[in-house]
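Here is how the chains run, residue by residue.
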Amino acid sequence: MTGMRTALRALTTAAATAALLVGVAVSPAPAQAPDRPVKAPEGFVALRAVDPTIIQEMRYTTAHTFLGGRVDGYRQPVCILTRPAAQALHRAQQRLLRQGYSLKVYDCYRPQRAVDHFVRWAKDLDDQSMKGEFYPRVDKSRLFEDGYIAEKSGHSRGSTVDLTLVRLPALPTRPYRPGEKLTPCVAPKSERFPDNSVDMGTGYDCFDTLSHTDDPRIQGVQRANRQFLKRTLAEAGFVNLPEEWWHFTHKPELFPDTYFDFPVDRRAVAWR
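All of these numbers come straight from a predicted model, not from anything done at the bench.

Conventions we followed
- Residues numbered from 1 in each chain as written.
- Predicted model: local features only at pLDDT ≥ 70, side-chain atom pairs only at ≥ 80, totals over all residues.
- Heavy atoms only, no water.
- Salt bridge = Lys/Arg side-chain N within 4 Å of Asp/Glu carboxyl O.
- Helix = DSSP H or I, 4+ residues; strand = E, 2+ residues; numbered from the N terminus.
- Buried < 20%, exposed > 50% of the residue type's maximum accessible area, 1.4 Å probe, protein only.
- Pairing = 2+ DSSP bridges.
- Contact = heavy atoms within 4.5 Å.
- Axes fitted to C-alpha atoms, helices over the stretch in contact; angles between N-to-C directions.
- pLDDT = per-residue confidence, 0-100.
- Expected span 1.5 Å × (residues − 1).
- Arc of directions from axis to C-beta.
- Disulfide = S-S within 2.5 Å.

**A short note on the pattern of salt bridges**
Okay, step 1: Within the structure shown, the criterion is met by 19 salt bridges.
Okay, step 2: Ionic pairing is found between R137 and D208, a salt bridge with its closest N-O pair at 2.8 Å. Of this pair, R137 sits in the loop between α5 (131-134) and β5 (160-167) while D208 sits in the loop between β5 and α6 (220-235), and the two are 71 residues apart along the sequence.
Okay, step 3: The exposure class assigned to D208 is buried, which follows from its relative accessible area of 3%.
Okay, step 4: A salt bridge links K230 to D214; its shortest N-O distance comes to 3.6 Å. One end of the pair, K230, is in helix α6; the other, D214, is in the loop between β5 and α6, and 16 residues separate them in sequence.
Okay, step 5: With relative accessibility at 28%, the residue K230 sits in the partly exposed group.
Okay, step 6: Residues joined by salt bridges that share partners form a network here, namely E57, R59, K104 and D195.

**Section: the sheet that holds strand β6 (residues 238-240)**
Okay, step 1: Taken together, the five strands give an open sheet; going across it, the order is β2-β4-β5-β7-β6, and neighbouring strands pair in mixed fashion. With partners counted over all chains shown, the strands left at the sheet margins are β2 (55-56) and β6, one partner each.
Okay, step 2: As defined by bridge partners, strand β4 (residues 101-107) adjoins β5 across six bridges and the pair is classed as antiparallel. Note on β5: the bridge partner recorded for D107 is D162.
Okay, step 3: Docked against the sheet, helix α3 (residues 83-98) engages β4, β5, β6 and β7 (247-250), running at close to 145 degrees with respect to β4.
Okay, step 4: Contacting β4, β5, β6 and β7, α6 runs over the sheet at an angle of about 125 degrees to β5.

**A closer look at the confidence of the model for the protein**
Okay, step 1: When pLDDT is averaged along the protein, the result is 89; 86% of the residues meet or exceed 70.
Okay, step 2: Note that residues 1-34 has pLDDT below 50 and, in this model, zero contacts with residues that lie over four places away or in other chains.

**Looking at α3**
Okay, step 1: End to end, α3 covers 23 Å across 16 residues, agreeing with the expected 22 Å (1.5 Å per residue, within 8%).
Okay, step 2: All of the buried residues in α3 are A85, A86, A88, L89, A92, Q93 and L96. For α3, the angular spread of buried residues about the axis comes to 160 degrees, placing them on one side.
Okay, step 3: Positive backbone phi, at 85 degrees, marks G100, one or two positions downstream of α3.

**Quick look at the state of the cysteines**
Okay, step 1: One pass over the full model with this rule turns up two disulfides.
Okay, step 2: Note that C79 is cross-linked by a disulfide to C108, the S-S spacing being 2.0 Å. Its torsion about the S-S bond being -105 degrees, the disulfide of C79 and C108 is classed as left-handed. With C79 in the loop between β2 and β3 (80-82) and C108 in the loop between β4 and α4 (112-123), the pair connects residues that are 29 residues apart, well separated along the chain.
Okay, step 3: C108 sits in the buried class, given a relative accessible area of 0%.
Okay, step 4: The disulfide partner of C185 is C206, and the gap between their sulfur atoms is 2.1 Å. Its S-S torsion of about 65 degrees marks the bond between C185 and C206 as right-handed, since a negative value means left-handed. Of this pair, C185 sits in the loop between β5 and α6 while C206 sits in the loop between β5 and α6, and the two are 21 residues apart along the sequence. In this pair, the class of C185 matches that of C206, namely buried.
Okay, step 5: If one numbers only the bonded cysteines of the protein, in the order they occur, the disulfide pattern is 1-2, 3-4.

This is how it looks when you write it as structure tokens:
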């Protein structure tokens, strides 16, 4: 009987082991590893690798945006562009440095997931937390109709950049404090959120017709600054978007028909 009990225990153990193996075989695959940086395709570079003198204030990695927070896809404050666009900015910067100015970039390549974030935000009419600064005179329900928000952006093709001019030596710009009192982007420069750039007549990302590059209400020094920026970049091969004094696209575009979605991350271009 002792031998019989031993045999039965062996069979039971074997059966349990077999069942466990079967369970392992048919169990769902383990969850995938956390999202990892996606490498940018050939043709993209970090602007700092081409010209480290250009000031970078990558707004969408901060809370100081029209959304009131960091934008999806912006993991690190690094300007990524197609190589021809970055090289063209370098040429413009060399001219500006000789005249006592520097370029400052606010945004460069923008992943599609960030554009999707803009769209979701624009559809949420209850979220008006940053209206006081970025769209004080525009009803949020009109952002699509008026062209301030769209489902595709030229930034996602990699050759478009948002930028301004800074008089040298560059003074620091204080950090934005979430929850601080907002001042309209169309207010005089002395009243707007402090920015070390020259006076362009409005703040960056100002959803207002006053941001149109050639708006006739912009005169004097403000108009001269806009035209100086536009002329300098045009000589380097950039075309300005008439509705935004800060928005320029290098022509011809390296990827004129492709909208990329790799994240803004140093590791995306670190291998170049």
